[in-house]
Structures are given as C-alpha cells and as structure tokens.
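# Structure assessment
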There are 2 protein chains.
Amino acid sequence: MEELLADDDRCLGGFAETVTTAMAEYGYERVDALGDPVQWAAMGRDGAVPAAPTSVLVPSGFQRLGRALAGRSFERVGRVETYAGYAQRTQVPFEDEEQLLADAPEGVAGIYMTVSGSTAAEYGLGVEPVDGGVSRLGVFETETMTDEITSLKGFYDRYADEFASWRSVIDTVESTAREFGFREVNTPAVERTELYRVKSGEELLDQTYSFEDRGDREVTLTPEQTPTRARMVQSRRQALSTPIKWFDTSKRWRYEQVQKGRDREFFQTDIDIFGVESVAADAEIVACAARIYEKLGVRDRVDFLLNDRRLLEAMLRAEGVDNTTQVMQVVDDKEKLTRPEFHEALANVGVDGETAERVDELTSIAGPIGETVEELAERAPDDEATREAVERIETLADRLAAYGVADVCRLDLSIVRGLAYYTGLVFEAFDSEGELRALFGGGRYDDLVGLFGDREVPAVGFAFGYSPTRELLQREGKLPPETVTTDVYVAPVSESVAPEAVDIAGDLREAGLTVETDLTGRGLGDQLSYADGIAASRTLIVGERDLANDEVTVRDMATGDERQVALSTLTESVVDELA
Amino acid sequence: MEELLADDDRCLGGFAETVTTAMAEYGYERVDALGDPVQWAAMGRDGAVPAAPTSVLVPSGFQRLGRALAGRSFERVGRVETYAGYAQRTQVPFEDEEQLLADAPEGVAGIYMTVSGSTAAEYGLGVEPVDGGVSRLGVFETETMTDEITSLKGFYDRYADEFASWRSVIDTVESTAREFGFREVNTPAVERTELYRVKSGEELLDQTYSFEDRGDREVTLTPEQTPTRARMVQSRRQALSTPIKWFDTSKRWRYEQVQKGRDREFFQTDIDIFGVESVAADAEIVACAARIYEKLGVRDRVDFLLNDRRLLEAMLRAEGVDNTTQVMQVVDDKEKLTRPEFHEALANVGVDGETAERVDELTSIAGPIGETVEELAERAPDDEATREAVERIETLADRLAAYGVADVCRLDLSIVRGLAYYTGLVFEAFDSEGELRALFGGGRYDDLVGLFGDREVPAVGFAFGYSPTRELLQREGKLPPETVTTDVYVAPVSESVAPEAVDIAGDLREAGLTVETDLTGRGLGDQLSYADGIAASRTLIVGERDLANDEVTVRDMATGDERQVALSTLTESVVDELA
C-alpha cells in the first residue's frame with residue numbers, strides 16, 4: 001500500500017530539500033528539528049502510485065504543505081483535496097485514509113507524512129501509531145487543527161486527562177514546599193527588558209520573547225524568575241523578616257530551538273531562601289528537593305550531586321592554580337571531555353602537566369557525602385580557606401543526615417554548574433540510572449540580589465523544571481495517570497427525576513465530592529458509559545420506583561455491584577465508602 | 001512640619017506641570033492617571049523649608065524623580081541623597097523621615113510625595129497611611145524599587161502575605177468547579193494573533209500585547225481564553241465525549257488604561273460546558289457561579305440577573321420590532337440612559353413611540369426568577385418562538401430551584417451583555433447593595449466554536465475575574481486574611497540541638513504540617529519573634545535538658561501556655577491539637 005519516498009526517490013532535489021523548501025515557502029516549522037527522520041509517503045490503489053494522479057488526497061489541516069509536496073512528488077497533479085473533502089464529494093464513508101484510497105478509482109493518490117513512533121510519542125504528535133512504527137500525518141491535527149490557526153510550536157494545549165497528571169506532580173512539588181514553610185508569591189509574566197540585562201547580559205536576551213509594548217517600553221516575557229525575586233526582595237528589604245522563603249509555580253518563556261524536553265513555554269517552580277548565609281539553609285534547600293522525589297515515589301532513583309565552589313576554589317589555589325575562574329570553566333566541561341581532551345583544555349588555560357594531573361585527581365573526588373567528606377578532610381591542604389570550606393561541607397553532611405536525606409547525596413568535586421552566578425553550594429539532581437539528563441539544579445547565589453538594589457542579600461535555591469522529572473516518573477511507572485477522576489455520577493433514569501438527581505448531586509458536592517449529573521437528557525445506558533469515561537467510582541441511579549421508597553441504587557463502577565441505599569443516609573454512606 | 005506645595009506654590013510652572021515634565025523626562029508613568037490629586041511636600045526642620053538647602057533628602061527608590069522635583073522646588077539645591085544614605089553618612093539611626101529631618105542641622109530639607117489615603121489604598125500604594133489621610137512617597141517603592149528597574153504599570157508583585165489571600169479565593173473557585181466535575185485544562189499564554197481576529201476583529205487587538213516573535217510570527221498574549229478553548233474543542237472534536245466541562249485559572253493580558261479594578265495583567269478562571277444545548281447545562285453554570293459565592297461566605301450579598309436573548313428577541317418581534325439586533329443594542333445601554341434618552345435612542349433605530357413604550361415596559365420586567373417567569377408566561381404573546389423561549393426560562397427556573405440557588409436569581413429582560421457572541425442565556429452577578437460594578441458575567445454562545453473549525457459546538461460558561469469579588473469580600477469583612485500561616489515552628493535553644501530540631505520538624509512535615517525551624521543560629525528570643533511573625537500556632541522549644549528526658553516544650557503561641565510533651569507521642573499530640 002505504501003511507497004516511502006526515500007531521500008532521492010521521486011522528489012526533485014531529494015526529500016530533505018523538498019520538505020525544507022516547502023516549509024520555507026509555506027511558513028511551516030522545520031520538521032528536522034524533531035530529531036528523528038520524517039518521511040513522506042505517497043500511496044495509491046493496490047500499491048500502485050500513479051505518476052500523474054487525477055486527484056491527490058491530503059490530510060485536512062495540512063493542505064498547503066500537502067499541496068506543495070504533491071507538486072514535487074508527482075509528474076503532474078490534478079485536483080488536490082482532503083481525504084474528508086473527497087469522501088464528502090464522492091459520498092463514500094470516511095473512516096480510514098487507506099481504506100478510502102483502496103476503494104477509490106484509478107488515478108487517485110494519497111499523500112501523508114510519517115514519523116517514527118517514538119518521535120511521535122515524544123512530541124505528543126501521535127495518538128494512534130500504526131504498523132511499522134509510523135503514525136499518520138493526521139495525528140498532527142493537534143498542532144495544525146485548521147489550515148489557518150494552529151498553536152505555536154513549543155506551546156501546548158493540555159487537555160483535562162493529560163493535565164490531571166501534570167497537576168498531580170505540581171501539587172506534590174508545591175505541597176512539599178509548603179510543608180517546609182516556603183510561601184507562595186506571584187509575580188508578573190512580563191517585565192521591563194532591562195531587568196534581564198542586569199544579570200544575564202545580551203546572550204540570554206537573544207532567546208527571549210522581547211518586544212515593545214504599546215507604550216514603547218521594551219518588555220520581555222519572564223525567561224526565569226530570579227531577577228524578579230531579586231527586585232522584590234530589594235523592594236521590601238526593610239519589611240521582610242528573614243529567612244524569606246518563597247515558592248511559585250508559573251510559566252517561563254524562551255525562544256529556543258524546540259527539542260525533546262525543551263519547549264518555548266514551560267512550567268517551573270522556583271524555591272528559594274533569601275537573607276540567610278547558613279549551611280542550615282543550604283541543607284534545607286537540598287532536603288526539600290529530595291523530599292519532593294520521595295513523595296513522587298522515586299527517592300531511590302535520584303542522586304543529588306553536591307559541591308561547594310568555595311571548596312573547589314580553595315583546593316585549586318592550594319594546588320597553585322591562580323586563574324581559578326578559567327580552570328573551573330574547564331572543570332565544568334570535564335564530564336563531556338576525554339582524559340586527554342581535559343588535560344589539553346587545562347594546558348590551554350596555562351595549567352602545567354603536573355598540576356593538571358592533580359586537578360584531575362581532585363575533581364575526580366566523588367562519593368557518598370558522609371564518607372567522601374571524611375576522605376576529603378584527610379587529604380585537604382591545611383590552609384585556612386580550605387579548612388573553612390571543608391568544615392562547611394562537614395556541617396552540611398551532618399545536617400543532611402539530620403534531614404534523613406544524606407543517603408541520596410553525593411559529594412562530587414567536578415560539579416560547577418556553569419559560572420553564571422553561584423557562589424557556594426551547587427547541586428544537580430540526576431537519574432541514578434544515568435539515562436536521563438540532569439533533572440534540575442540549584443545552589444547558593446549570594447552576590448546576585450545585590451545587583452538589583454542597595455543591599456547584599458544572600459540566597460540559595462533551585463528552579464524545578466518538570467519535563468525531565470516526568471520522563472523519570474514515566475520510566476519508573478510512577479507518572480500520575482493521565483486521566484480525570486470522579487467520585488460520583490448521579491444518573492436520573494428519566495427527565496422527570498432530574499431535579500432529584502440535581503438535589504442529590506448538590507448534597508454530595510457539599511460533602512466535598514466531585515460529582516456530575518446528566519445535562520443531556522440521554523438514556524441510562526449512555527449515561528453509564530459517560531460515567532465510565534470520566535472514571536466515576538460510583539454511579540447513583542435515581543429512578544421513580546426507588547424514589548417512591550426513598551431510596552436510590554448505588555453502583556460500584558469497578559465491580560458492577562449495586563445496592564439500594566436510603567436517601568436519608570445516602571451522602572454519609574457514599575462519603576464513607578469513598579474515604 | 002509640612003508645607004504642602006499647592007498648584008502654583010513654589011514650583012516653577014506649577015505642580016502639575018512640574019510632575020508631568022519630570023515624569024516625561026525621566027520615563028515615569030503619568031501619576032495623574034491615579035485619579036485623585038497627588039501633591040508634593042517639601043519639609044524642613046521646625047517647619048522651615050529652606051529656599052536653598054545644602055542637602056535635599058529624597059526617598060530611596062525615587063531618587064531621579066526626587067532630584068528633578070527638588071530642582072524645581074528650591075531656588076538652589078546642594079547634595080541630593082536618600083534619607084537612608086544620609087542616615088548612614090551622618091551615622092544617625094534611621095527609622096522615620098520626619099524624625100531624621102527634625103534632628104538634622106539647618107539647611108537640610110526633605111521631599112516626598114503624598115497621595116490621598118483612598119487613592120493609596122485603591123492602588124495598593126499605601127502601607128502606612130499617616131495623619132491627614134496621606135501616605136508617603138516611600139510607599140511607592142513597590143512600583144519604583146530601584147532607580148533603574150521597576151515593575152510595569154498594571155502588573156503586580158504579590159508578596160506572600162497578600163498572595164495567601166488571593167490563593168484562598170482562587171482555591172475556593174477551583175474547588176467549586178472541581179466539585180461540579182469541571183476538569184482543569186492548561187493552555188498557551190501566547191497564541192498566533194490571527195486566532196483573535198476570528199472572533200474579535202481588530203478592536204480587541206488594539207488592546208492586546210501583540211508582537212512579532214523571533215520567527216516573524218504575529219503573536220499575542222492571551223487577552224481571553226475562549227478562542228483557545230474553541231480551537232481545542234475543534235481539534236479533538238472526535239475524541240472528547242460531551243459534556244466537555246473545563247476550568248482553568250491563569251493570567252490574561254490587555255493593554256488598557258490602568259484604572260481601579262482594571263489591570264494589564266489579571267487572573268481569570270474560565271468555566272465552560274461545551275457540546276450540550278440543554279437548559280440543564282445553563283442551570284449548572286449559574287449554580288456553579290452561585291455556589292462560589294456561597295463558599296466565599298457572601299451568598300446573600302450577590303444577585304444573579306438572568307435573561308435569555310431568544311426570549312427578548314421573540315418578544316420584541318411579537319411587538320412588531322424587526323431590527324431586533326439594533327434594538328437590543330439600545331436595550332443593552334438602557335441602564336445608563338434616562339427614560340427620554342432611551343426613547344430617543346429607540347426612535348433613532350426606527351422604533352415608533354407606541355412600540356418604544358412597549359419595549360420599555362417589556363425590558364422593565366425584572367424580579368425573582370420564579371414569580372417573574374409566571375408573570376411573563378401570563379402576559380407573553382402566544383407565538384411559537386415566544387412560547388419556546390418562555391418554556392425554556394420556566395425549565396431554567398425549576399432547575400435553579402433544584403440546585404437550591406433560585407433565591408439569588410432574578411430574571412431581568414434588560415440584560416443583554418453586549419452583542420458580541422451570546423446566543424441564549426446571559427447573566428451577570430451583581431453586588432446586591434448596588435455599590436460595585438458587575439462582578440462578572442457569562443452566558444451561552446452556541447455559534448462561536450464553529451468559527452474555529454468544521455463543527456458547530458454549543459457552549460455555555462463564564463469567565464470569573466477576581467478584582468470586583470475581592471472588593472466585595474473586603475467590604476463584607478470576608479476577604480481571607482492577607483497573612484501567611486504556619487502550624488509549627490521548631491526552636492532549638494542552641495546549635496548543638498539543631499539536628500534534633502530538624503529531625504522533629506521532619507516528622508511533623510511527614511504528617512502534612514507546615515513547619516519551619518531555625519536556619520540562622522539565632523537565640524530563642526529572636527526565634528520566638530520570628531515564629532510570631534509567621535503566625536505559627538505552636539512553637540516547639542527543643543532544649544538539651546528536655547531532650548535528656550526525651551521531651552520538648554510545646555508553646556501555644558496564642559495563649560502563651562507551655563507544656564512538656566514526650567518525644568514518642570509528640571507528632572501525634574501536635575497533629576491532634578491542631579486538627
């Protein structure tokens with residue numbers, strides 16, 4: 001049935017050029033950013049793809065690109081229309097593109113795009129993968145619904161089923177923050193662009209949504225929340241008592257190339273402690289992060305790699321390294337380099353071979369925090385800066401033990417976390433299987449808030465992003481289900497008892513339950529299947545005969561068991577059953 | 001102490017011009033948009049304002065404007081510095097601007113802006129109103145924090161205390177929606193601009209944040225969620241079973257003149273039912289809205305005014321009016337017009353005097369929905385369209401009674417809600433005292449979703465805005481307190497017992513409590529005052545002696561009572577006490 005058009009098959013100039021040109025001409029996003037190969041298929045009746053079809057069928061929602069590709073895929077093209085349009089015009093039923101084409105007269109061809117099943121799944125494109133790991137172009141409908149208006153690439157419509165799962169993870173993160181006494185704040189989604197120049201310079205600003213508003217102000221959609229928080233802390237520096245412990249979950253926007261796990265709009269929960277320099281605050285931040293994974297059910301699947309930049313810096317100095325900033329930059333890349341590459345990079349910043357050896361050794365120190373701190377204390381040079389830094393790590397290790405999270409914490413002297421603005425503790429959370437990229441990271445940034453006002457304010461915190469953690473949860477079978485849930489559906493058997501159903505539903509809602517009742521006037525069978533669709537735990541069947549006895553029928557939707565319950569005890573009984 | 005500079009006093013060109021010029025020169029927002037008079041005060045020791053001060057003190061956060069105004073307020077100006085900077089330089093304590101100035105040597109002057117207390121309150125500017133209903137310029141700090149970077153006008157930094165109150169109201173709205181089986185969705189904050197052209201035309205687009213992104217797409221920050229929802233419904237029209245019941249709370253953005261209750265960034269909760277044409281769905285929407293106010297504790301302070309456009313249209317037709325659209329536009333304005341103006345407006349759209357009289361009478365029908373429906377049924381003309389419309393209202397009234405909300409619903413035939421896109425039910429919620437503007441409104445819009453795709457999908461819903469409801473709650477003393485709350489603060493009396501305090505805090509958190517412990521190493525007195533500041537219900541005092549007896553001291557922060565509790569039963573005991 002299918003004839004895949006490989007790179008140089010049929011398409012003038014080859015597949016890649018064809019797609020790229022069509023994309024450019026018609027304003028579509030570049031599909032090769034999807035990563036995996038994307039292929040076009042032309043198809044015809046009985047596998048015979050005509051060179052000059054009388055009609056080319058394309059999926060609705062992709063007409064323009066379909067037309068462009070048809071023009072390049074066939075020697076000559078007749079009418080181009082959608083599968084649905086063709087079905088309507090020829091008065092045949094339309095359920096399946098392949099079937100439609102199989103039943104079509106000679107000379108009709110179809111065209112669609114296929115992507116690998118895994119790509120489709122990653123990007124939420126595929127809802128119905130078909131044989132051979134491909135899914136139809138039709139599944140792109142969520143992205144390209146009408147010919148004219150689609151959601152933006154890297155932005156997502158999250159429907160109720162999917163968002164139920166997101167909400168559950170967000171709730172876990174937020175409830176953990178609340179337990180630790182972090183307080184919710186709420187900040188603008190749009191800021192003056194200059195706010196981001198203070199900290200980030202122009203580089204980050206190349207990746208923002210920045211524009212002039214109608215009052216000619218340069219403004220930017222918040223790409224991160226730290227500058228806003230710094231402004232807020234400065235603004236109320238007299239009134240706020242320390243520690244200032246804040247959290248907030250909201251969206252951030254960055255104009256970046258869309259990739260797996262990197263969207264243009266994404267949720268982030270920022271959790272910070274301002275105004276306290278102590279190791280106790282460092283430990284609380286790490287403990288809060290660890291507790292999130294405990295509550296998500298994957299505590300033993302996550303490692304926290306910790307380091308203190310002051311420790312690394314002191315030890316580098318003790319090794320005779322003066323240009324510690326440059327050397328730490330090299331260390332930051334160590335993970336990505338081979339041993340010879342690492343040594344060459346060190347040589348490039350003026351570190352001699354012997355010292356490079358010791359730097360390599362030093363930054364290879366890694367292990368469970370308790371033991372590794374002891375090891376470190378023994379081999380650390382006896383200068384004051386190192387001693388202080390080691391003591392700080394010792395205190396941190398003790399405190400993490402008190403929080404009961406030391407077992408998931410590893411000290412790793414190669415962790416630097418860029419050079420942006422961290423001044424002490426740095427940490428990153430990793431999948432302990434090592435399959436996924438870093439889940440998120442954080443650290444201490446004592447100098448940053450001072451850039452936004454008159455006062456120096458120490459700070460430690462992290463920004464929790466959701467995508468990698470959701471991947472981890474999925475792999476571990478711990479992702480909250482992508483489905484809505486309902487306590488009770490109240491089903492009136494006829495319109496005449498609908499008011500009673502409404503009344504009963506109201507009582508159950510007052511008890512705090514999630515309750516739906518019929519809004520359509522449809523029959524009991526349809527109502528039961530709707531109740532099933534919303535995953536109702538119980539359905540109450542409200543019939544005239546039962547009501548005459550002051551009763552209703554309570555159906556357990558999981559087992560199908562039914563029993564009569566008196567109206568007078570109904571709410572209590574259902575609440576108890578569901579508790 | 002103060003010498004207010006009235007319009008033409010001292011300031012060259014008068015106060016208004018001075019401020020306006022300074023504002024323009026220095027890029028500040030126009031203060032006259034605040035509405036109420038804004039005044040400058042210069043002050044000096046013993047009320048003597050020097051003509052040529054050696055130093056002019058200005059509030060921090062307003063240095064540039066302060067400098068500009070100083071230059072215009074005095075004949076000659078020496079050093080301009082902040083109150084805080086002056087205090088630091090001269091090594092005097094700084095608690096109060098007036099006191100600072102009173103203690104200053106001759107030749108030092110201070111300057112600040114005053115606004116009326118009510119203006120300050122309205123715009124959230126004032127935190128400490130002082131004598132005579134004025135509050136200091138210092139309170140502008142939240143808007144003008146540093147000399148350089150301020151938050152945008154109409155956008156707000158919501159600190160933890162204030163947002164606790166917001167969160168409580170949002171939670172009430174969302175939990176009500178959940179009880180009714182509305183499901184949370186999540187949608188992009190940025191859409192292609194053309195999405196808004198479908199429904200709203202260019203007029204709304206003049207008031208949006210619209211721009212070209214880095215990929216040259218015309219995009220807009222969502223000014224409302226309905227077009228996005230319409231797109232989503234169309235996109236999954238095959239897969240979604242009806243009724244589709246969605247809610248979502250998120251921000252909207254509109255570039256409008258900032259006024260009381262009209263911000264450029266604001267929260268909105270959209271609650272809709274798609275795919276069902278029934279009166280039952282209409283009633284559920286109104287019931288959900290009414291239940292929100294019940295849970296907010298102001299059920300008896302809100303009236304819902306309902307109408308059905310089909311009813312009004314049918315009755316206008318029965319009166320011989322053919323251009324019902326035009327006439328309904330006039331009816332929409334009726335509330336704002338005097339009787340002669342209303343009749344004139346009707347005459348302008350071709351309604352003769354006698355008919356105008358009947359239209360006036362018709363659109364004066366208003367009252368409790370149950371009685372008014374009966375009255376209406378009696379006097380309604382006996383044509384089919386009217387009969388159907390009246391029956392629909394009768395069914396609605398019955399259904400609202402079943403929901404237990406009929407008593408807060410009034411039928412009011414003058415309610416039209418613009419002419420944008422409503423097709424049936426329209427309603428608005430009002431403060432029953434009649435002091436505030438409409439709290440919010442909603443209705444049925446069966447034709448709108450069809451504009452965004454292939455399928456007609458009936459819909460009914462409302463968008464709940466927060467500002468007017470928060471005003472109502474404030475007036476009624478029902479606004480959730482603007483303060484954070486804490487279950488337990490755990491206070492170690494010394495660093496040596498800090499790990500035990502951390503451990504105890506962890507156990508309490510596992511029980512779901514909000515718990516803080518010391519992160520600063522400060523003394524018990526300071527800890528207790530911090531615990532007081534975060535409104536902790538209990539403080540657990542962890543001392544070495546108590547610990548030796550396996551006990552801690554539990555202090556009730558409200559009464560000051562203290563008792564010893566065994567560590568073994570501590571969590572249970574505290575959880576029980578706080579339950």
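On a predicted model such as this, the values are computed, not experimentally measured, just so you know.

### Concerning the overall build of chain A
In terms of regular secondary structure, chain A is built from 21 helices and 23 strands. Contacts in chain A between residues far apart in sequence, at least 24 positions, make up 68% of those at least 6 positions apart. Of the roughly 23600 Å² of accessible surface on chain A, a fraction of 44% belongs to carbon and sulfur atoms.

### Section: the interface of chain A and chain B
Counting residues at the interface gives 102 residues for chain A, matched by 101 residues for chain B. Summed over both sides, the interface between chain A and chain B buries roughly 8600 Å², with carbon and sulfur atoms accounting for 54% of that surface. The interface formed by chain A and chain B includes 10 salt bridges. With a closest N to O distance of 2.7 Å, Arg167 of chain A and Glu184 of chain B form a salt bridge. There are 45 residue pairs in polar contact (both at pLDDT 80 or more) connecting chain A and chain B. If you tally residues by element for the side of chain A that touches chain B, the top one is helix H18 (residues 498-510) of chain A, at 6 residues.

### Observations concerning the sheet that holds strand E15 (residues 409-412) of chain B
By way of backbone hydrogen bonds, the strands of a sheet pair with one another, either parallel or antiparallel. All names here are of chain B. Read across the open sheet, the 9 strands follow the order E7-E11-E12-E18-E17-E16-E13-E15-E14; overall the sheet is mixed. Because the sheet does not close on itself, it has two edges, and the strands there are strand E7 (183-184) and strand E14 (366-368). When strand E13 (residues 302-308) meets strand E16 (residues 425-431), the two strands line up antiparallel, connected through 7 bridges. By the bridge assignment, Asn307 is partnered in E16 with Val426. Against the sheet, helix H11 (residues 309-318) makes contact with E13, E16 and strand E17 (440-444), and its axis sits at roughly 50° relative to E13, the strand it touches most.

### Quick look at the sheet that holds strand E22 (residues 551-556) of chain B
All names here are of chain B. Pairing is mixed across the open sheet formed by 5 strands, whose spatial order is E20-E19-E21-E22-E23. The sheet terminates laterally at strand E20 (515-517) and strand E23 (562-566), the two strands that pair on one side only. Averaged over all neighbouring strand pairs, the angle between strand axes comes to 25°, with direction disregarded. In this structure, strand E19 (residues 486-492) lies alongside strand E21 (residues 536-542), joined through 6 bridges in parallel fashion.

### Observations regarding a negative patch on the surface
All names here are of chain A. Residues Glu371, Glu374, Glu378, Glu384, Glu388, Glu391, Glu394 and Asp398 make up a contiguous surface patch of negative charge. At the level of elements, helix H15 (369-379) and helix H16 (384-402) are the ones that each hand at least two residues to the negative patch. Element by element, the count of residues in the negative patch is highest for H16, at 5 residues. Inspection of the secondary structure puts Glu378 in helix H15. A relative accessible area of 69% places Glu378 in the exposed class.

### Considering the environment of Arg509 of chain B
Here Arg509 of chain B lies in helix H18 (residues 498-510). When the C-alpha atoms of Arg509 of chain B and Val488 of chain B are compared, they prove to be 9.4 Å apart, with 21 residues separating the residues in sequence. If sequence neighbours within four positions are ignored, Arg509 of chain B has contacts with Glu179, Phe180, Glu284, Arg291 and Tyr403 of chain A together with Val515, Glu516 and Thr517 of chain B.

### Section: the packing of aromatic side chains
Counted under the stated rule, the structure contains 45 aromatic pairs over all chains. Ring centres 5.9 Å apart and planes at 65° place the aromatic pair Tyr489 of chain A and Tyr530 of chain A in the edge-to-face group. With Tyr489 of chain A in strand E19 (residues 486-492) and Tyr530 of chain A in helix H19 (residues 524-533), the pair connects residues that are 41 residues apart, well separated along the chain. Taken individually, Tyr489 of chain A and Tyr530 of chain A each receive the classification buried, so the pair is uniform in this respect. Both rings, one in Tyr293 of chain B and one in Phe464 of chain B, keep their centres 6.0 Å apart while their planes meet at 50°; by these two values the pair is tilted. One end of the pair, Tyr293 of chain B, is in helix H10 (residues 279-295); the other, Phe464 of chain B, is in strand E18 (residues 459-465), with 171 residues separating them in the sequence.

### With respect to the relation of the copies chain A and chain B
Relating one copy of the chain to the other requires a rotation about an axis plus a shift along that axis. Least-squares fitting of chain A to chain B yields an RMSD of 0.9 Å, with the superposition described by an axial translation of 0.3 Å and a rotation of 180°. The transformation relating the two chain copies, once decomposed into turn and shift, fits a two-fold axis. The position closest to the rotation axis in chain A is occupied by the C-alpha of Phe211 of chain A, lying 3.0 Å away. Looking at chain A, 98% of its interface residues are interface residues in chain B too, so the copies touch through the same face.

Reading the values: the criteria
- Residues numbered from 1 in each chain as written.
- Chains lettered and ligands numbered in written order.
- Predicted model: local features only at pLDDT ≥ 70, side-chain atom pairs only at ≥ 80, totals over all residues.
- Heavy atoms only, no water.
- Helix = DSSP H or I, 4+ residues; strand = E, 2+ residues; numbered from the N terminus.
- Contact = heavy atoms within 4.5 Å.
- Areas by Shrake-Rupley, 256 points an atom, 1.4 Å probe, with all protein chains shown as cover.
- Buried area = accessible area lost by both parts, 1.4 Å probe.
- Salt bridge = Lys/Arg side-chain N within 4 Å of Asp/Glu carboxyl O.
- Polar contact = N/O pair within 3.5 Å; in protein donor to acceptor, adjacent residues only side chain to side chain.
- Pairing = 2+ DSSP bridges.
- Axes fitted to C-alpha atoms, helices over the stretch in contact; angles between N-to-C directions.
- Patch = residues over 30% accessible without salt bridge, like charges linked within 9 Å, V, L, I, M, F, W, Y side chains within 5 Å.
- Lys, Arg positive; Asp, Glu negative; His and termini not counted.
- Charge placed at Lys NZ, Arg CZ, Asp CG, Glu CD.
- Buried < 20%, exposed > 50% of the residue type's maximum accessible area, 1.4 Å probe, protein only.
- Phe/Tyr/Trp six-rings, centres within 6.5 Å; stacked < 30°, edge-to-face > 60°.
- Least-squares fit on C-alpha atoms with pLDDT ≥ 70 in both.

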